[in-house]
Amino acid sequence: MLELFPEGFEERDLPDGVELSAYTDGGGEERLWAAFGQVSTAAVPSGWEERWRTFHRPVRVGPLWVGPPWERPPPGAASVVIDPGRAFGTGGHPTTRLCLQLLLEVEPTSLLDVGCGSGVLAIAAARLGFAPVVAIDTDQSAIEAADRNARDNGATIDVRRGDALAVVSDLAPRLLASRLVASGYLESEQPVVAGYEPIRRMTEGGWAADLLARDE
């Protein structure tokens, strides 16, 4: 879908799977048929151009409020305003919320955000007192979104483009960190990370996040 519709599409969880929807003309419908073999179509009402905004809803995790710029944070919250652009998310996915909760349990220190997307975790960490904060991603759209969001939030983070390894067990041996917050996998999965011992697990909606400590 990213290749077919780089300008964006909708994702909706259903009881029997995930529905992906794109706004397009007849040419786009033909591309969908060629890629998936079976699609359904429907006319859309006026105002469809703004419907994507309803997918990005604010979330509250402890003192942190994370949301898009068209929403207003509540008084007293430490706000992290994220415009996703074409990058991943504004904090609404369970894996992001779980990581934010685990960050609140870690003493602020230096932080590396691998696969930063639109910069939610890196910017939130900077707001919580972590420093220095380095955020990396392979996607140029993510780099641009994270850098822009950091400036808009007045957060100091070092955004870099690089090869963000997707597998926690492959990445961990290359780090010297005393603590590792890992997520992006299902509750039924448990990463085995050489040199680290799991000390805390949180789950939500079938997803999991783990806090691991380096073996002494």
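Conventions and cut-offs
Residues numbered from 1 in each chain as written. Predicted model: local features only at pLDDT ≥ 70, side-chain atom pairs only at ≥ 80, totals over all residues. Heavy atoms only, no water. Helix = DSSP H or I, 4+ residues; strand = E, 2+ residues; numbered from the N terminus. Rg over C-alpha atoms; globule rule 2.2 N^0.38 Å. Buried < 20%, exposed > 50% of the residue type's maximum accessible area, 1.4 Å probe, protein only. Contact = heavy atoms within 4.5 Å. Disulfide = S-S within 2.5 Å. Salt bridge = Lys/Arg side-chain N within 4 Å of Asp/Glu carboxyl O. Lys, Arg positive; Asp, Glu negative; His and termini not counted. Polar contact = N/O pair within 3.5 Å; in protein donor to acceptor, adjacent residues only side chain to side chain. Core = buried A, V, L, I, M, F, W, Y, C linked by side-chain atoms within 4.5 Å. Axes fitted to C-alpha atoms, helices over the stretch in contact; angles between N-to-C directions. Parallel < 35°, antiparallel > 145°, perpendicular 65-115°, else oblique. Left-handed = near helix turned anticlockwise from the far one by under 90°. Nonpolar A, V, L, I, M, F, W, Y, C, P; charged D, E, K, R; others polar.

Asks: Before we move on, can you summarise the overall build of the protein with the specific residues and values?
Replies: Helix and strand counts for the protein stand at five helices and eleven strands. In summary, the protein has a C-alpha radius of gyration of 19 Å against a globular reference of 17 Å for 216 residues, a match within 12%. In terms of principal-axis extent, the alpha carbons of the protein reach across some 60 × 40 × 30 Å. Within the protein, the proportion of its 216 residues that are buried is 36%. The long-range fraction of contacts in the protein, counting pairs at least 24 apart against all pairs at least 6 apart in sequence, stands at 47%.

Asks: How would you summarise the state of the cysteines if you had to cite specific residues and measurements?
Replies: Tallied over the full model, the rule gives zero disulfides. For Cys 99, which is in no disulfide, the shortest distance to another cysteine sulfur is to Cys 116 and amounts to 13 Å. Residue Cys 116 is classed as buried on the basis of its relative accessible area, which comes to 7%.

Asks: Run through the pattern of salt bridges, naming residues and quoting values.
Replies: Overall, the coordinates contain six salt bridges when judged by the stated rule. Note that Arg 97 is salt-bridged to Glu 204, the shortest N-O span being 2.1 Å. Of this pair, Arg 97 sits in helix H2 (residues 94–103) while Glu 204 is found in strand E10 (residues 196–204), placing the two residues 107 residues apart along the sequence. Look at Arg 97 and you get buried, because its relative accessible area is 16%. The residue Asp 147 makes a salt bridge to Arg 151 at a minimum N-O spacing of 2.4 Å. Separated by four residues within a single helix, Asp 147 and Arg 151 lie in helix H4 (residues 140–153), roughly one turn from each other.

Asks: Pulling in residues and values, what's your account of the side chain of Asp 137?
Replies: Locating Asp 137 in the fold gives a position in strand E7 (residues 133–137). One buried charged residue, Asp 137, forms no salt bridge at all, with the nearest opposite charge on Arg 161 at 7.4 Å. Separated by 3.0 Å, the side chain of Asp 137 and the backbone nitrogen of Asp 139 make a polar contact. Among all residues touching Asp 137, those that are not within four sequence positions of it are Gly 115, Cys 116, Gly 117, Ala 142, Ile 143, Arg 160, Arg 161 and Gly 162.

Asks: Help me get a handle on the nonpolar core, residues and values and all.
Replies: Grouped together as the largest cluster of nonpolar side chains are 33 residues, with contacts concentrated most on Val 66, Val 80, Leu 100, Ile 123, Phe 130, Val 133 and Ile 157. Those elements that provide at least two residues to this core are strand E3 (59–61), strand E4 (64–67), H2, helix H3 (120–127), E7, H4 and strand E11 (207–214). When residues in this core are grouped by element, the largest group, seven residues, is from H3. Discounting chain neighbours no more than four positions away, the residues touching Ile 123 are Val 80, Ile 82, Ser 118, Ala 146, Asn 149, Ala 150, Asn 153, Ala 155 and Ile 157. The next biggest cluster of nonpolar side chains, apart from the first, holds eleven residues, and it includes Leu 171, Ala 172, Ala 182 and Ala 208.

Asks: Let's hear about the packing of H2 against H3: which residues, and what values?
Replies: At a minimum axis distance of 10 Å, the contact between H2 and H3 shows a crossing angle of 20 degrees. Taken as axis vectors, H2 and H3 run roughly parallel relative to one another. Once H2 is placed against H3, the crossing between them reads as right-handed. Of the residues in H3, those in contact with Thr 96, Cys 99, Leu 100 and Leu 103 of H2 are Val 120, Leu 121, Ala 124 and Ala 125. Grouping the constituent residues of the contact of H2 with H3 by class yields seven nonpolar, one polar and no charged.

Asks: Please set out the environment of Leu 176 residue by residue, giving values where relevant.
Replies: With respect to the secondary-structure elements, Leu 176 resides in the loop between helix H5 (168–171) and strand E9 (179–186). Once the C-alpha coordinates of Leu 176 and Gly 195 are considered, the two residues, 19 residues apart in sequence, prove to be 10.0 Å apart. Excluding anything up to four places from it in sequence, Leu 176 contacts Tyr 196 and Arg 214.

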